[in-house]
Amino acid sequence: QVQLVESGGGLVQAGASLSLSCAASGRTFSTGAMGWFRQAPGKDREFVAAIRWSGGTTYYADSVKGRFTISRDNAKNTVSLQMNTLKPEDTAVYYCADVRYFNAVAVQSTTLYDYWGQGTQVTVSS
């Protein structure tokens, strides 16, 4: 029932910034969390960041901590990912994810999440 649409991807040089957005339609619940994952060609989908819908507690992968910031707008059912100081290794397709019943222990696991967006490409050149 939930549909997620990402936007904001593009091609930038190393050190630049990008901001991704995810709009959720049909999200009638006020629990859970939304997050971002990324997947490079030939690699597994990996966790980037997540934010709890109630309270706003954030979680980050070590590789992006201090560079990326996740935020949410509960009223608009949107989440954003501000990416600063981008590196070539950040190049991937970025996916928005949504989970109705959050489990902090499994926050980095793809299996926790119930819904996924189609992805948006982020390319960082050196």
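Here goes a summary of the coordinates provided. Numbering of residues begins from 1 in every chain and follows the order in which that chain's sequence is written. Predicted model: local features are reported for residues with pLDDT of at least 70 only, side-chain atom pairs are reported and counted for 80 or more only, and whole-chain, interface and lining totals are derived from all residues. Only hydrogens and water are set aside; all other atoms, that is, all heavy atoms of the structure, feed into the side-chain values.

What to know about the overall build of the protein
The helix and strand tally for the protein stands at zero helices and eleven strands. Each helix and strand of the protein, ordered N terminal to C terminal, gives the series β-β-β-β-β-β-β-β-β-β-β. Here the C-alpha atoms of the protein give a radius of gyration of 13 Å, agreeing with the 14 Å that 2.2 N^0.38 yields for 126 residues. Counting over 126 residues, the protein shows a buried share of 42%. Here the contacts in the protein between residues at least 6 apart in sequence split such that 57% fall between residues at least 24 apart. Of the roughly 6300 Å² of accessible surface on the protein, 46% is carried by carbon and sulfur atoms. Put simply, DSSP marks the helices as runs of H or I at least four residues long and the strands as runs of E at least two long, and each gets a number from the N terminus on. With the radius of gyration taken over C-alpha atoms, the globule rule is written as 2.2 Å times the number of residues to the power 0.38. In this scheme, a residue with accessible area under 20% of its type's maximum is buried, one over 50% is exposed, and one in between is partly exposed, where area comes from a 1.4 Å probe on protein chains only. Whether two residues are in contact is decided by their heavy atoms: any pair within 4.5 Å suffices. All accessibility values rest on the Shrake-Rupley procedure with a 1.4 Å probe; residue burial counts only the protein chains present in the view.

A closer look at the pattern of salt bridges
When a carboxyl oxygen of Asp or Glu is within 4 Å of a side-chain nitrogen of Lys or Arg, the pair counts as a salt bridge. Following the criterion strictly, the structure yields five salt bridges and no others. Here arginine 67 makes a salt bridge to aspartate 90, at a shortest N to O gap of 2.8 Å. On the criterion of sequence distance, the pair formed by arginine 67 in the loop between β6 (58-60) and β7 (68-73) and aspartate 90 in the loop between β8 (78-83) and β9 (92-99) is long-range, its members being 23 residues apart. For arginine 67, a relative accessible area of 10% translates into the label buried.

Describing the state of the cysteines
Put simply, a disulfide is two cysteine sulfurs that come within 2.5 Å. Under the defined criterion, the tally for this structure stands at one disulfide. One disulfide bridge connects cysteine 22 with cysteine 96, the sulfur atoms lying 2.1 Å from each other. Here cysteine 22 and cysteine 96 share a disulfide; its torsion about the S-S bond, -85°, makes the bridge left-handed. Of the two residues, cysteine 22 sits in strand β3 (residues 18-25) while cysteine 96 sits in strand β9, which places them 74 residues apart along the sequence.

Things to note about unusual backbone geometry
Here asparagine 77, not a glycine, exhibits a phi torsion of approximately 55°, which is positive. Mapping asparagine 77 onto the fold places it in the loop between β7 and β8.

Some words on the sheet that holds β8
Spatial strand order, β1-β3-β8-β7: four strands in an open sheet with antiparallel pairing. Looking at which strands have only one partner, the edges of the open sheet turn out to be β1 (3-7) and β7. Ignoring which end each strand starts from, the neighbouring axes of this sheet average 15° apart. For two strands to count as paired, DSSP must find a minimum of two bridges between them. Looking at chain direction, β7 and β8 are connected through six bridges and run antiparallel. The residue bridging phenylalanine 68 from the neighbouring strand is methionine 83, located in β8. What counts as an axis is a line fitted to C-alpha atoms, over the stretch in contact for a helix, and the angles between N-to-C directions run from 0 to 180 degrees.

A word on the packing of aromatic side chains
Geometry of aromatic contacts follows a simple scheme: Phe, Tyr and Trp rings, the Trp one being its six-membered ring, pair when their centres are within 6.5 Å, and the pair is stacked under 30 degrees between planes, edge-to-face over 60, tilted otherwise. This model, assessed by the stated rule, comprises five aromatic pairs. With 5.6 Å between their ring centres and 75° between their planes, phenylalanine 37 and phenylalanine 47 make a pair best called edge-to-face. Within this pair, whereas phenylalanine 37 is found in strand β4 (residues 33-39), its partner phenylalanine 47 is found in strand β5 (residues 46-52), the two being separated by ten residues in sequence. Look at tyrosine 59 and phenylalanine 102: their rings are 5.4 Å apart centre to centre, the planes differ by 45°, and that puts the pair in the tilted class. Of the two residues, tyrosine 59 is situated in strand β6 and phenylalanine 102 in the loop between β9 and β10 (115-116); the sequence distance between them amounts to 43 residues. A network of ring pairs unites the aromatic residues Phe37, Phe47, Tyr113 and Trp116 as a single cluster. The criterion for a charge sitting over a ring is simple: Lys NZ or Arg CZ within 6 Å of the ring centre, and within 35 degrees of the ring normal. For arginine 27, the ring lying beneath its charged end belongs to tryptophan 53, and the centroid distance is 4.4 Å. Seen from the ring of tryptophan 116, arginine 45 lies directly overhead, with NZ or CZ sitting 4.9 Å from the centre.

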